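Next come the chains, spelled out residue by residue.
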Amino acid sequence: MTLQNMAKKLLIVESPAKAKTIEKYLGDDFSVKSSYGHIRDLEKGNDLGVDVENNYRPKYVIPTDKYKTVKELKEAASKSAEVWLATDEDREGEAISWHLAEVLGLDASKTKRIVFHEITKPAIQKAVQNPRTVNMNVVNAQQARRVLDRLVGWELSGLLWKKVKGQLSAGRVQSVAVKLIVEREREIQHFKITPFFKIVAQFFAKNAQGKLVTFKAESPTRFDDAAGAEAFLKKCIGANYTVGNIEVKPTRRKPAPPFTTSTLQQEASRKLSFSVNRTMSVAQKLYEQGFITYMRTDSTNLSETALQALGDEVVKQFGQRYHHRRQYKTKNESAQEAHEAIRPTYVERQNISPNRDEQRLYELIWKRAMASQMADAELEKTTVDIAISTQPGANLVAEGEVLKFDGFLKVYLEGTDEEDEETAGILPPLAKGQKLDLDDMTATERFTRPPARFTEAGLVKKLEELGIGRPSTYAPTISKIMEENRGYVVKDSRQGEERVFQILTLKNNEIAKSKGKEISGATKNVLYPTDMGMIVCDFLEGHFDKIMDYGFTAGVERQFDDIADGKIEWPRMIDRFYKPFHQDVEKTLKEAERAQGERILGADPETGRTVLVRMSKLGKPVIQIGTGEELDKKEKPRYANLRPGKNIETVTLAEALESFQLPRTLGEYEGEALEVNAGRFGPYVKFGSAFVSLPKGEDPFDITFERAVELVQAKKQADKPVGYFEGQPITKGKGRFGPFIKWADLYVNVPARVNFDHLTEQQAIELIHQKIEKEANRYIHHWPEENISVENGRWGPFIKFGKAIINLPRVDGGKMTADQARALSLADVKAMIEKEIPGAFEKKSTLKSSGKKK
């Protein structure tokens, strides 16, 4: 037997967990390896990664952290009889298969590619018996999205750096998602809350057992003010109440379809309080272990096998009457990334994992799939009119509901995003003409409510309704806009404000007036736009109306679908979009003013100077008193930070002036003054010469003496040395870029893998050694007197001239290596700088000579 005959076939998937599950179902013919996701991506760093002049050709590179994986896959492929590709069935998975074929030197048009919707033995074996090849139309749809998003992101981010603030970034779909949140926030800000009065009466009647019970009836009329409500109650004094028309109406309630990606994210948010990312992470694990079907889908379809299995399980657990076979049609016309809804692979399994998150999400998927194949719930709805003798025509209405057959409700009821949704109770037996005794009647002041802020899942629902994004893009889009370095959106829970409301009560023919209290405006885990998010949104809306248009963005998604269907060529689609967009960018760079979100609030009562609020260069909202023309020659404006919970668009003059009441002296502690103040990096407590930053969300105006002492003591404890190295103390702290340790003049970031709270001396010394070694290897050349260096970087060597980063020229079509860079002289490097920054050294000498003349 030859070695070729003995060699196994190599099957490549994305994740090791998936590989482990699949390997159990394949015979000895296959060896299963993982690519750990994508093995190639567009070039990063200072390179656009797309050759715009050459038909938008992508420049793909293998990231350094994938070198080892690629090497292992190449070795495995060279020893295998044949290579098969088994990545996920969506566009991302198809692209990974193509990249694998390219990197491993396989012919994509001949290499066997298998797809499956679930990781079960029958599904895997069926897929192996029916291989296909890589679908290049689907790959091109993914390439088009990746290239277009890189072009838009690259150009918009560069523009924002110059016109708003450094380090900002923007994306095509993310910008539209931020716009939705900004628009909703402004709707809420501009919403006029108006009071009204709602009238509810409680009546006595005997129930079926003859026991006296109360039931409620409401007036269908709302009253705009207390006077109208009181007038209604006064007319009811001494009135008789009689049952009028009784309407009994049978109703049915149908189950919801099985889950798609979007509905799973929404329901997991409502019922389990999962974030979108958490839902997808847990669902991925369930899929890879073979418990559920593929979790990125917008189809509600179920396979014939699934329909049969679910039906059998319903009959087995609940009886034949509870079964109703249903095949759902997907409303979304573009639903083509997968062919089946999310469901359990084996419905007879109810307990699948000791992991709490996995078990809870699986139960949700199981219940939804089961309910989808169950009978309607049958209800009887009763509506009763109650006449008031003193007010002909002004009826009260009582509603009740009786569940006659629970059907699918035995297993599952879909949640809603509506607040205070009331369900009708059961009414006692009533007869037309029956006289009723009134217990009491209340007119309670209520208030109109603005639209609710988006939750993560609510935003996914809205994006899906608008046709923006696809199942694989929802979670990454939301994660991106909430990234701290972007600072566009925050997920927050905020306390409401106490509100007093009026209550008028009619009892025993007398009207009593009282007041109640409630908390209004409280929120939990909802999305708020930041001031920076609003400013960037307005800037982009003002200069790129197409990019920010919902219909246009949805149209781009449909064009990606057309590419996947082979209807259009992807470079043509990119060209139609990019050329006018690029012209808009160039025009905006030349003509647009810097965006600061400036808003004039009024005049300072003490000085008469202008009070305004704007965004600082550090990206923080600040209040300013005094503008250029109002100040003396060497005088500077006064600045204060905006208080927590306030924003540029809604802060009032009075609230802004309060911010200038800092610093606040709190008292004396250990012989030193203790005060609270705010600086350019935020609020802090000052104790002697020490400064202690306030935790995020704490207001310097609310800090008490006791809280300040607590923070100082915590700081002292944190500043204690964790150990010593070469006779000098090692201390630790937290800065803008995360936790760090300090030794001598060296600052060392502490990686996430190290437990910062329990950092040992030995761990700290190891990190210091690594930093010293890294610094030693940092420079290939260093000319400090010229402010020039050639340094090693993550993506290869580069030139640093002052703060400017300059790419080294390519050598023989590839990136210059560190060894090649070592051969460069100072003159060579200067010439490269001069080429990228014409006149770089002339400007320097001109500045020096002009200084001498002065």
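Residues numbered from 1 in each chain as written. Predicted model: local features only at pLDDT ≥ 70, side-chain atom pairs only at ≥ 80, totals over all residues. Heavy atoms only, no water.

Section: the overall build of the protein
So, point 1. Helix and strand counts for the protein come out as 23 helices and 34 strands.
So, point 2. Dimensions of the protein, computed from C-alpha atoms along their principal axes, come out at roughly 105 × 95 × 60 Å.
So, point 3. Per-residue burial over the protein gives 45% buried out of 854 residues.
So, point 4. Long-range pairs, those at least 24 residues apart, make up 67% of the contacts in the protein with a sequence separation of at least 6.
So, point 5. Per element, the accessible surface of the protein, about 45400 Å² overall, is 49% carbon and sulfur.
So, point 6. With 132 positive and 123 negative side-chain charges, the protein shows a spacing of 1 Å between the two charge centroids. (Helix = DSSP H or I, 4+ residues; strand = E, 2+ residues; numbered from the N terminus. Buried < 20%, exposed > 50% of the residue type's maximum accessible area, 1.4 Å probe, protein only. Contact = heavy atoms within 4.5 Å. Areas by Shrake-Rupley, 256 points an atom, 1.4 Å probe, with all protein chains shown as cover. Lys, Arg positive; Asp, Glu negative; His and termini not counted. Charge placed at Lys NZ, Arg CZ, Asp CG, Glu CD.)

Regarding the sheet that holds strand 29 (residues 738-743)
So, point 1. Overall, antiparallel pairing links the 4 strands, which are arranged 27-28-29-30 in an open sheet. Edge positions in the sheet fall to strand 27 (723-725) and strand 30 (746-749), since each of these pairs with one other strand and no more. The average angle at which neighbouring strand axes cross in this sheet is 40°, direction not considered. (Pairing = 2+ DSSP bridges. Axes fitted to C-alpha atoms, helices over the stretch in contact; angles between N-to-C directions.)

What about the environment of lysine 771?
So, point 1. Relative to the helices and strands, lysine 771 resides in helix 20 (residues 761-776).
So, point 2. Residues lysine 771 and leucine 746, spaced 25 residues apart in sequence, show a C-alpha to C-alpha distance of 8.5 Å.
So, point 3. The contacts of lysine 771, once residues within four sequence positions are left out, are Leu746, Tyr747 and Val748.

Here's the deal with the nonpolar core
So, point 1. The biggest cluster of nonpolar side chains holds 147 residues, and the ones touching the most others in it are Ile292, Leu361 and Ile574.
So, point 2. Ranked by residue count, the leading element in this core is helix 6 (residues 136-163), at 10 residues.
So, point 3. Leaving out residues up to four positions away in the same chain, isoleucine 574 has contacts with Tyr56, Ala144, Val147, Leu148 and Leu151.
So, point 4. Membership of the second largest hydrophobic core comes to 27 residues, among which are Phe197, Leu430, Met441 and Leu506. (Core = buried A, V, L, I, M, F, W, Y, C linked by side-chain atoms within 4.5 Å.)

Concerning the environment of glutamate 541
So, point 1. Secondary-structure assignment places glutamate 541 in helix 15 (residues 531-543).
So, point 2. Sequence-wise, glutamate 541 and serine 269 are 272 residues apart; in three dimensions their C-alpha atoms are separated by 30 Å.
So, point 3. What glutamate 541 contacts, discounting residues up to four positions off in sequence, is Lys179 and Met548.

A short note on the sheet that holds strand 23 (residues 664-669)
So, point 1. Taken in spatial order, the 4 strands of this open sheet run 23-24-25-26, and their pairing is antiparallel. Among the strands making up the open sheet, the edge pair consists of strand 23 and strand 26 (690-693). Strand-to-strand twist of the sheet, defined as the mean angle between neighbouring strand axes without regard to direction, takes the value 25°.
So, point 2. For strand 25 (residues 682-687) and strand 26, the ladder comprises 4 bridges, and the chain directions are antiparallel. By the bridge assignment, lysine 686 is partnered in strand 26 with phenylalanine 691.
So, point 3. Packed onto the sheet, helix 19 (residues 705-719) meets strand 23, strand 24 (672-679), strand 25 and strand 26 and runs at close to 60° relative to strand 23.

Re the confidence of the model for the protein
So, point 1. The share of residues in the protein with pLDDT of 70 or more is 96%, and the mean pLDDT across the chain is 89.
So, point 2. Confidence over residues 1-6 falls short of pLDDT 50; this stretch has 2 contacts with residues more than four positions distant or in other chains. (pLDDT = per-residue confidence, 0-100.)

Some remarks on the pattern of salt bridges
So, point 1. Enumeration according to the criterion identifies 55 salt bridges in this entry.
So, point 2. Between aspartate 406 and lysine 410 there is a salt bridge; the shortest N-O distance is 3.4 Å.
So, point 3. One salt bridge in this structure joins lysine 579 and aspartate 575, with 3.5 Å as the shortest N-O distance. Of this pair, lysine 579 and aspartate 575 both sit in helix 17 (residues 570-591), 4 residues apart, which is roughly one turn of that helix.
So, point 4. Taking the relative accessible area as the measure of exposure, aspartate 575 reaches 25% and is therefore partly exposed.
So, point 5. What you see here is one network of salt bridges that share partners, running through Arg252, Lys254, Arg321, Arg326, Asp376 and Glu378. (Salt bridge = Lys/Arg side-chain N within 4 Å of Asp/Glu carboxyl O.)

So, helix 14 (residues 474-481)
So, point 1. Taken as a whole, helix 14 has its buried residues at Tyr474, Ala475, Thr477, Ile478 and Ile481. One side of helix 14 holds all its buried residues, which, seen down the axis, span an arc of 165°.
So, point 2. The inward-facing, buried residues of helix 14 abut helix 7 (172-190), helix 9 (261-272), helix 10 (276-288), helix 13 (456-466) and strand 15 (489-494). (Arc of directions from axis to C-beta.)

Describing the pairing of strand 10 (residues 212-218)
A regular strand places its side chains on the two faces of the sheet in alternate fashion.
So, point 1. Sheet analysis places strand 9 (residues 195-206) next to strand 10, joined by 7 bridges and oriented antiparallel. In the strand pairing of strand 10, phenylalanine 204 is matched with threonine 214.
So, point 2. Here strand 9 folds back onto strand 10, and the loop between the two strands holds 5 residues, one of which, glycine 210, carries a positive phi near 85°.

Describing the packing of helix 7 against helix 15
So, point 1. Where helix 7 meets helix 15, the axes come as close as 10 Å, and the angle between the chain directions of the two elements is 110°. By the angle between their directions, the pair helix 7 and helix 15 is classed as roughly perpendicular. Relative to helix 15, the crossing made by helix 7 is left-handed. On the side of helix 7, the interface is formed by Ser175, Val178, Lys179, Val182, Glu185, Arg186 and Gln189, while helix 15 contributes Gly533, Met534, Cys537, Asp538, Leu540 and Glu541.
So, point 2. Residue composition of the contact of helix 7 with helix 15, by class: 5 nonpolar, 3 polar and 5 charged. (Parallel < 35°, antiparallel > 145°, perpendicular 65-115°, else oblique. Left-handed = near helix turned anticlockwise from the far one by under 90°. Nonpolar A, V, L, I, M, F, W, Y, C, P; charged D, E, K, R; others polar.)

What to know about the side chain of threonine 260
So, point 1. Note that threonine 260 resides in the loop between strand 11 (241-253) and helix 9.
So, point 2. If we ignore the near neighbours within four places in the chain, the residues touching threonine 260 are Thr297, Asp298, Ser299, Thr300, Ile342 and Glu464.

Quick word on the packing of aromatic side chains
So, point 1. By the definition in use, this model includes 19 aromatic pairs.
So, point 2. Aromatic side chains phenylalanine 291 and tyrosine 362 sit 6.4 Å apart centroid to centroid with 70° between the ring planes, which places their arrangement in the edge-to-face category. Within this pair, whereas phenylalanine 291 is found in the loop between helix 10 and helix 11 (304-318), its partner tyrosine 362 is found in helix 12 (residues 356-371), the two being separated by 71 residues in sequence.
So, point 3. The buried category is assigned to phenylalanine 291, whose relative accessible area is 12%.
So, point 4. Looking at tyrosine 362, the relative accessible area reads 0%, which means it is buried.
So, point 5. Geometrically, the ring pair formed by tyrosine 322 and phenylalanine 405 is tilted, given 4.8 Å between the ring centres and 45° between the ring planes. A residue pair is termed long-range when its members are at least 10 positions apart, and tyrosine 322 in the loop between helix 11 and helix 12 and phenylalanine 405 in strand 13 (residues 396-405) qualify at 83 residues. (Phe/Tyr/Trp six-rings, centres within 6.5 Å; stacked < 30°, edge-to-face > 60°.)

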